[in-house]
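What the coordinates show
Single-letter residue listing:
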Amino acid sequence: MKKYDIASSVLFLILGILLLVVPGGIVTTVIRVFGIIILILGILSILNVAKTKVNNGEMVYGILIGVLGLVFISNPEVIASIIPFVFGVWIVIKTSFKLQFVVALKRSNSKDYIKSLVVNIITLILGLVLIFNPFKGAETLIRIIGGFMIAYSLLDILNYGITKPKKVKVLK
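This report concerns the structure included in the present document.

About the cut-offs
Residues numbered from 1 in each chain as written. Predicted model: local features only at pLDDT ≥ 70, side-chain atom pairs only at ≥ 80, totals over all residues. Heavy atoms only, no water. Patch = residues over 30% accessible without salt bridge, like charges linked within 9 Å, V, L, I, M, F, W, Y side chains within 5 Å. Areas by Shrake-Rupley, 256 points an atom, 1.4 Å probe, with all protein chains shown as cover. Salt bridge = Lys/Arg side-chain N within 4 Å of Asp/Glu carboxyl O. Helix = DSSP H or I, 4+ residues; strand = E, 2+ residues; numbered from the N terminus. Core = buried A, V, L, I, M, F, W, Y, C linked by side-chain atoms within 4.5 Å. Buried < 20%, exposed > 50% of the residue type's maximum accessible area, 1.4 Å probe, protein only. Contact = heavy atoms within 4.5 Å. 1 Å grid on protein atoms, 1.4 Å probe; cavity = no way out; pocket = protein on both sides within 12 Å on 5 of 7 lines; lining within 4 Å. Points joined across faces, edges and corners; volume = space filled by probe spheres on them. Nonpolar A, V, L, I, M, F, W, Y, C, P; charged D, E, K, R; others polar. Phe/Tyr/Trp six-rings, centres within 6.5 Å; stacked < 30°, edge-to-face > 60°.

The next thing to look at is a nonpolar patch on the surface. On the surface, a cluster of nonpolar side chains totalling about 320 Å² of accessible area is made up of V10, L11, I14 and L18. Counting through the fold element by element, I14 comes out in helix 1 (residues 3-21).

On to the nonpolar core. It is characteristic of soluble globular proteins that their nonpolar side chains tend to be buried jointly. In terms of nonpolar packing, the biggest core is built from 14 residues, with L15, L19, V27, V30, I31, I37 and M149 touching the most fellow members. Only helix 1, helix 2 (27-52), helix 4 (76-107) and helix 6 (134-163) provide two or more residues apiece to this core. The element contributing the most residues to this core is helix 2, with five residues. Once residues within four sequence positions are removed from consideration, L15 is found in contact with V30, V33, F34, I37 and M149.

The next thing to look at is unusual backbone geometry. You will see that K53, though not glycine, has its phi angle at about 60°, which is positive. The topology assignment puts K53 in the loop between helix 2 and helix 3 (58-74). Residue class for K53 comes out exposed when judged on its relative accessible area of 71%.

Right, let's get into the pattern of salt bridges. As enumerated under the stated definition, the model contains one salt bridge in all. Of the charged contacts in the structure, one is a salt bridge between K115 and D112, with a shortest N-O distance of 3.7 Å.

Here we take up the layout of surface pockets. Of the pockets and cavities examined, the second largest pocket occupies roughly 250 Å³. For the lining of the second largest pocket, the element with the highest residue contribution is helix 6, accounting for five residues. Tallied by class, residues from the lining of the second largest pocket come to 15 nonpolar, no polar and no charged.

To continue, consider the packing of aromatic side chains. On inspection of all chains with the given rule, the structure shows four aromatic pairs. A ring pair is formed by F34 and F72, whose centres lie 5.6 Å apart and whose planes are at 50°; its orientation type is tilted. Taken as a pair, F34 in helix 2 and F72 in helix 3 lie far apart in primary sequence, 38 residues in all. For F34, a relative accessible area of 24% gives the class partly exposed. With relative accessibility at 14%, the residue F72 sits in the buried group. Ring geometry for F87 against W90: centres 5.8 Å apart, planes inclined by 20°, an arrangement best described as stacked. Highlighted residues: F87 and W90, both in helix 4, separated by three residues, approximately one helical turn. Exposure remark for F87: the relative accessible area of 34% places this residue in the partly exposed category.

What follows is the structure, given as structure tokens:
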């Protein structure tokens, strides 16, 4: 692990806590900060390729991540409104296909069709909430993302602590 990996993990931890605690008023700021973080990671990847003269796809990764960071920085409102809506549409489409499976279960006289029907109706409602009320859905989604970012960051910091003293050489 590189030294900047631990710094990004600490930043992600702080960002995750903010997302979990204050999701509503912080969405565009968080998207911009996230954009800055991934832009910096992209630049660091490009600089690493320039320094080591070894390009195993890291240059492409750095460029793509950098461009994505710029998009997040320049259009946070658009990013904030698109994500829940697209996710909601995806959930509704997937659930519609799964409801066909529920019908097949009912026709085969399976007792499990009721459980599957209830789960799919709840999922369909959640998808519709994200479509028709994307900002409330976004707030909930942001909180979930914050929780995942906290877990990822803590595990990454733990992994850094485990591997740092050993100076493991990675094969390229």
